[in-house]
Amino acid sequence: MRASSVYAVILVSAGLAVFACASKPPPPKEPAHTETVADAGEDADAEPPPPKSLYERLGKQDGITKVVDVLVKNLQADPKFKGRMATLKGAKLDKFKKDLADQVCVESGGPDAGADCKYEGRFMKELLGPKNKLKEEEWNAMLLELRNSFEENKIEEAEQADLTAEISKFRDDVVQAAPVKK
């Protein structure tokens, strides 16, 4: 009986083990993965915000003023502009820079009312007149100095291209026509 007792103990133990395992709650399941969406709860049909104006992308009036300050400093140092810039000193220089910054402000889509930007100066065509128009090399030097002022102020390429395009609209008004060769 000894062997049958051992078998009985083994069977009882095995039965208890099976019973114990069967009555154990199953191991906890992994929580279901919930994906979060950044725009959850927003209207899917909502339009994206309108793109920023060039004025905003340039840093508004403060950013434009910084670009103009560097541009004027560069033009004063450029041999092609020394004669033109020599008479601009003190209050006259300050007014020139303010007018130029205000004109850039308006041309870049800034608010044209209030203190932020309202151009009240003369247009370049009127300012230069037919006798004082820029030569082609002066125009090119001005664009180069403008690019240098963009770089110094860390203005992005897209904004550089957009502002240069806005300024270039006035090229025919301010640059002497090339002489016609016969």
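See the structure printed just above.
Residues numbered from 1 in each chain as written. Predicted model: local features only at pLDDT ≥ 70, side-chain atom pairs only at ≥ 80, totals over all residues. Heavy atoms only, no water.

## Considerations on the pattern of salt bridges
Piece 1. Scanning the entire structure with this criterion turns up 14 salt bridges.
Piece 2. With its nearest N and O atoms 3.7 Å apart, the salt bridge here joins Asp69 to Lys97. Note that Asp69 is positioned in helix α3 (residues 60-77) and Lys97 in helix α5 (residues 90-107), a separation of 28 residues in sequence.
Piece 3. According to the relative accessible area criterion, Asp69 is partly exposed, its value standing at 32%.
Piece 4. Exposure remark for Lys97: the relative accessible area of 22% places this residue in the partly exposed category.
Piece 5. With a closest N to O distance of 3.9 Å, Glu152 and Lys73 form a salt bridge. Of the two residues, Glu152 sits in helix α7 (residues 136-152) while Lys73 sits in helix α3, which places them 79 residues apart along the sequence. (Salt bridge = Lys/Arg side-chain N within 4 Å of Asp/Glu carboxyl O. Helix = DSSP H or I, 4+ residues; strand = E, 2+ residues; numbered from the N terminus. Buried < 20%, exposed > 50% of the residue type's maximum accessible area, 1.4 Å probe, protein only.)

## Notes on α3
Piece 1. With 18 residues, α3 extends 26 Å between its outermost C-alpha atoms, agreeing within 8% with the 26 Å of an ideal straight helix rising 1.5 Å per residue.
Piece 2. Buried residues of α3: Gln61, Gly63, Ile64, Val67, Val68, Val70, Leu71, Val72, Asn74 and Leu75, and no others.
Piece 3. Buried residues along α3 sit in contact with α2 (54-57), α4 (82-85), α5 and α7. (Expected span 1.5 Å × (residues − 1). Contact = heavy atoms within 4.5 Å.)

## Some words on the side chain of Ser149
Piece 1. Examined against the element boundaries, Ser149 turns out to sit in helix α7.
Piece 2. Sequence-distant contacts of Ser149, defined by excluding residues within four places in its chain, comprise Val67, Val70, Leu71 and Asn74.

## Focus on the packing of α3 against α7
How two helices sit against one another is set out by the angle between their axes and by the gap between those axes.
Piece 1. Orientation of α3 relative to α7, taken along the N-to-C sense of each, is 135 degrees, at an axis distance of 8 Å. Judged by the inter-axis angle, α3 sits oblique to α7. The element α3 and its partner α7 pack so that their crossing is right-handed. Taken together, the residues of α7 that come into contact with α3 (itself represented by Val67, Val70, Leu71, Lys73, Asn74 and Leu75) are Met142, Glu145, Leu146, Asn148, Ser149, Phe150 and Glu152.
Piece 2. Tallied by class, the residues present in the contact of α3 with α7 amount to seven nonpolar, three polar and three charged. (Axes fitted to C-alpha atoms, helices over the stretch in contact; angles between N-to-C directions. Parallel < 35°, antiparallel > 145°, perpendicular 65-115°, else oblique. Left-handed = near helix turned anticlockwise from the far one by under 90°. Nonpolar A, V, L, I, M, F, W, Y, C, P; charged D, E, K, R; others polar.)

## What to know about helix α8 (residues 157-168)
Piece 1. With 12 residues, α8 extends 16 Å from end C-alpha to end C-alpha; this agrees with the ideal 16 Å at 1.5 Å per step.
Piece 2. When we look at burial in α8, the residues that qualify are Glu159, Gln160, Leu163 and Ile167. When α8 is viewed along its axis, its buried side chains cluster within an angular range of 100 degrees and face the same direction.
Piece 3. Buried residues belonging to α8 abut α2, α5, α7 and α9 (171-174). (Arc of directions from axis to C-beta.)

## Side note on unusual backbone geometry
Piece 1. Although it is not a glycine, Lys60 adopts a positive phi angle of roughly 55 degrees.
Piece 2. Structurally, the position occupied by Lys60 is in helix α3.
Piece 3. The phi torsion at Lys154 lies on the positive side, around 55 degrees, for a residue other than glycine.
Piece 4. Note that Lys154 resides in the loop between α7 and α8.

## Some thoughts on the side chain of Ser108
Piece 1. Turning to its location among the elements, Ser108 is positioned in the loop between α5 and α6 (124-128).
Piece 2. Judged by relative accessible area, which is 4%, Ser108 ranks as buried.
Piece 3. Residues within four places of Ser108 in sequence aside, it is in contact with Ser53, Leu54, Tyr55, Leu58 and Ile64.

## Details of the nonpolar core
Piece 1. If you look at the biggest cluster of nonpolar residues, it comprises 28 residues, and the most contacted ones within it are Ile64, Phe81, Trp139 and Leu163.
Piece 2. Secondary structure elements with two or more residues in this core: α2, α3, α5, α7 and α8.
Piece 3. Broken down by element, this core gets its largest block of residues, six residues, from α3.
Piece 4. Those residues within four positions of Ile64 in sequence are excluded, and the remaining contacts are Tyr55, Leu58, Ala101, Val104, Cys105 and Ser108. (Core = buried A, V, L, I, M, F, W, Y, C linked by side-chain atoms within 4.5 Å.)

All quantities given are derived from atomic positions and should not be read as evidence of function.
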